[in-house]
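Tertiary structure, described
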Amino acid sequence: MAQLIENCPRCGAKSITFDMLSDHLFALNYSWQRVVEAFCVCRSCERSTVFILKQSHTDYERIFDNGLHSYESVVNRYVEIDGYVNIKYLALRKSPEYVPENIEEIFKEAVTCLSLNCFNASATMFRLCLDTATRSLLPSNDIDGLNKKIRRSLGFRLKWLFDTKRLPDSFRELSSCVKDDGNDGAHAGTLASDDSEDLLDFTIALLERLYTEPEKLRLAKERRAERRKEQANQSS
Ligand SMILES: [Zn+2]
């Protein structure tokens, strides 16, 4: 059985020996570099960690031939340790395309919380996403009944945006999760999985409407203009 010397993320022991019980080859970089996930058990705390290990040199191919774990010694010189499998590898919902960077960051935090079943925290972050995105839709003057209260509150603001046709009415029903759930998430801490999923759906729909669709349209128009220009050049 192979051994790996590394710090243990479970008990904190430094440069401790791990026994490698198994490994799984999952990638080949540059047509030579094997990348494996290795199931290892710490000799100090006897708990397991899955390390990500990359072949460190082209010459070491044979070490991987029968499975890295079956090598009868310490494998450190043959591999680069590229961390271990942890929470950051969770499959997360991607932010819609062409969303401004600051909103994308908040969205990422929201879906990370959601994936960890931290529903109230995720609701608060989705609300912040919506808050940031819809603020930019407000005119600078108080027209069409706009006032301070509407400017301040996400719930009132959304209602005003629908009422004044600044957002499509078809989104109104989806948005009902905001007033109740968002407030609950921030103040009462009573949200469940479904509530957060509702907020996720509405946030994605709204961000796509505000950022993804206009940008895709702009890019399509740009390509169209390019084609027309090429045609004109060819025919002249
Ligand atoms: Zn340990």
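Everything below is about the structure shown above.
Report on the accompanying structure.

Calculation rules
Residues numbered from 1 in each chain as written. Predicted model: local features only at pLDDT ≥ 70, side-chain atom pairs only at ≥ 80, totals over all residues. Heavy atoms only, no water. Helix = DSSP H or I, 4+ residues; strand = E, 2+ residues; numbered from the N terminus. Rg over C-alpha atoms; globule rule 2.2 N^0.38 Å. Buried < 20%, exposed > 50% of the residue type's maximum accessible area, 1.4 Å probe, protein only. Contact = heavy atoms within 4.5 Å. Areas by Shrake-Rupley, 256 points an atom, 1.4 Å probe, with all protein chains shown as cover. Lys, Arg positive; Asp, Glu negative; His and termini not counted. Charge placed at Lys NZ, Arg CZ, Asp CG, Glu CD. Donors = N, O, S within 2.8 Å, 3.2 Å for Na, K, Ca; no water. Pairing = 2+ DSSP bridges. Axes fitted to C-alpha atoms, helices over the stretch in contact; angles between N-to-C directions. Polar contact = N/O pair within 3.5 Å; in protein donor to acceptor, adjacent residues only side chain to side chain. Expected span 1.5 Å × (residues − 1).

1. With respect to the overall build of the chain
- Along its length, the chain carries six helices and five strands.
- Written out in order from the N terminus, the α and β elements of the chain read β-β-β-β-β-α-α-α-α-α-α.
- Over its C-alpha trace the chain gives a radius of gyration of 26 Å, far above what one expects of a compact globule, namely 18 Å for 236 residues.
- Taken along the three principal axes of its C-alpha coordinates, the chain extends 75 × 70 × 25 Å.
- Counting the 236 residues in the chain, one finds 36% classified as buried.
- At a minimum sequence separation of 6, the contacts of the chain that also span at least 24 residues come to 51%.
- For the chain, the accessible area works out to roughly 14000 Å², and carbon and sulfur atoms hold 48% of it.
- Across the chain, the mean location of the 33 positive side-chain charges is 7 Å away from that of the 36 negative side-chain charges.

2. Looking at the coordination of the zinc ion
- For the zinc ion, the full set of protein donor atoms is Cys 8 (SG), Cys 11 (SG), Cys 42 (SG) and Cys 45 (SG), at a range of 2.3 Å.
- Read from N- to C-terminus, the donor residues coordinating the zinc ion fall into the pattern C-x2-C-x30-C-x2-C. Of this pair, Cys 8 sits in the loop between strand E1 (2–6) and strand E2 (16–29) while Cys 45 is found in the loop between strand E3 (33–42) and strand E4 (48–55), placing the two residues 37 residues apart along the sequence.
- Given a relative accessible area of 4%, Cys 8 falls into the buried group.

3. Observations regarding the sheet that holds strand E5 (residues 79–84)
- Strand order in the open sheet made by the five strands is E1-E2-E3-E4-E5, with antiparallel pairing throughout. Looking at the sheet topology across the chains shown, the edges are occupied by E1 and E5. Taken pair by pair, the neighbouring strands of this sheet meet at an average axis angle of 45 degrees, ignoring direction.

4. Observations regarding the environment of Asp 23
- Note on placement: Asp 23 falls in strand E2.
- With 45 residues separating them in the primary sequence, Asp 23 and Leu 68 have C-alpha atoms 6.4 Å apart.
- Not counting residues within four places of it along the chain, the set of residues in contact with Asp 23 comprises Val 36, Glu 37, Ala 38, Gly 67, Leu 68 and His 69.
- For Asp 23, the side chain forms a polar contact with the main-chain nitrogen of Leu 68, separated by 3.1 Å.

5. Overview of helix H2 (residues 119–135)
- Here H2 is 17 residues long and its end C-alpha atoms lie 24 Å apart, about the 24 Å a rise of 1.5 Å per residue gives.
- Listing the buried residues of H2 in full gives Phe 119, Ser 122, Ala 123, Met 125, Phe 126, Arg 127, Cys 129, Leu 130, Asp 131, Ala 133 and Thr 134.

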